[in-house]
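Listed here are the chains, written in short residue letters.
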Amino acid sequence: MGSDTEAEKKKKTPTALAPIAKPLAGKKLCKRTLKLVRRASEAKCLKRGVKEVVKSIRRGNKGLCVIAGNISPIDVITHVPILCEEADIPYIYVPSKEDLATAGTTKRPTCCVLVMTKPAKGDINEEVKEKLKSDYDQVVAEVVEVTSSMF
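Predicted, not measured: the structure shown is a model, and the values here were computed from it. Think of each chain on its own: its residues are numbered from 1, step by step along the sequence as written. For a predicted model such as this one, the threshold for reporting local features is a pLDDT of at least 70, and the threshold for listing and counting side-chain atom pairs is 80 or more; totals across whole chains, interfaces and linings nevertheless cover every residue. No hydrogens and no water enter the side-chain calculation; it runs on all heavy atoms of the structure.

By way of backbone hydrogen bonds, the strands of a sheet pair with one another, either parallel or antiparallel. In this analysis, strands are considered paired if DSSP registers two or more bridges between them. Per the convention used, a helix needs a DSSP run of H or I reaching at least four residues, while a strand needs a run of E reaching at least two, with both numbered from the N terminus. If you trace the 4 strands from one edge of the open sheet to the other, you get 1-4-2-3, paired in mixed fashion. Looking at strand neighbours, the two that pair on one side only are strand 1 (46-48) and strand 3 (91-94), the edges of this open sheet. Averaged over all pairs of adjacent strands, the angle between strand axes in this sheet comes to 20 degrees, irrespective of strand direction. In this structure, strand 2 (residues 64-68) lies alongside strand 4 (residues 112-115), joined through 4 bridges in antiparallel fashion. By the bridge assignment, Leu-64 is partnered in strand 4 with Val-115. Working convention: axes come from line fits to C-alpha atoms, limited for helices to the stretch in contact. Angles between N-to-C directions cover 0 to 180 degrees.

A carboxyl oxygen of Asp or Glu within 4 Å of a side-chain nitrogen of Lys or Arg is what we treat as a salt bridge. Overall, the coordinates contain 3 salt bridges when judged by the stated rule. With a closest N to O distance of 2.2 Å, Arg-39 and Asp-135 form a salt bridge. Note that Arg-39 is positioned in helix 2 (residues 27-42) and Asp-135 in helix 6 (residues 126-150), a separation of 96 residues in sequence. Relative accessibility decides the category of a residue: with a 1.4 Å probe and only protein chains considered, values under 20% of the type maximum give buried, values over 50% give exposed, and everything between is partly exposed. Relative accessible area serves as the criterion here: at 11%, Asp-135 is assigned to the buried category. A salt bridge links Asp-137 to Lys-133, with the shortest nitrogen-to-oxygen separation between them at 3.6 Å. One end of the pair is Asp-137 and the other is Lys-133, both in helix 6 and 4 residues apart, which spans about a single turn.

Let us look at the environment of Lys-27. Structurally, the position occupied by Lys-27 is in helix 2. Between the alpha carbons of Lys-27 and Val-94 there is a distance of 9.2 Å; along the sequence they are 67 residues apart.

Next comes the structure, spelled out in structure tokens:
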């Protein structure tokens, strides 16, 4: 009866998703997306947080925007999908900001991240770049498919 650990209790409670969290990634796409975020974080090709993401989009950086679906208050992120659509940047919602932060290698829950194929500063190893690019292309193709089925 009392054998549930804190982590198991946390996983059992459903998260309250925002009503605008569409297109929402399914289990398989969510797992792939978070894996891509982790890879991008290791390669320093990731922008974390609303402020950094908005700044990057306005500067013309391209990539995949991953937004958490359980943000409260929702007004914090309502403008991000509009900016992404105007800049032709694909975006997808994932159910949990905590999972998004873990994938982005931060302890603090993150509202949104922008996965880029090129690092902001410096250069990365060719092998890492190829793996990141292939994962990125695969996830973006699935996101576009999910988004197109919505409209």
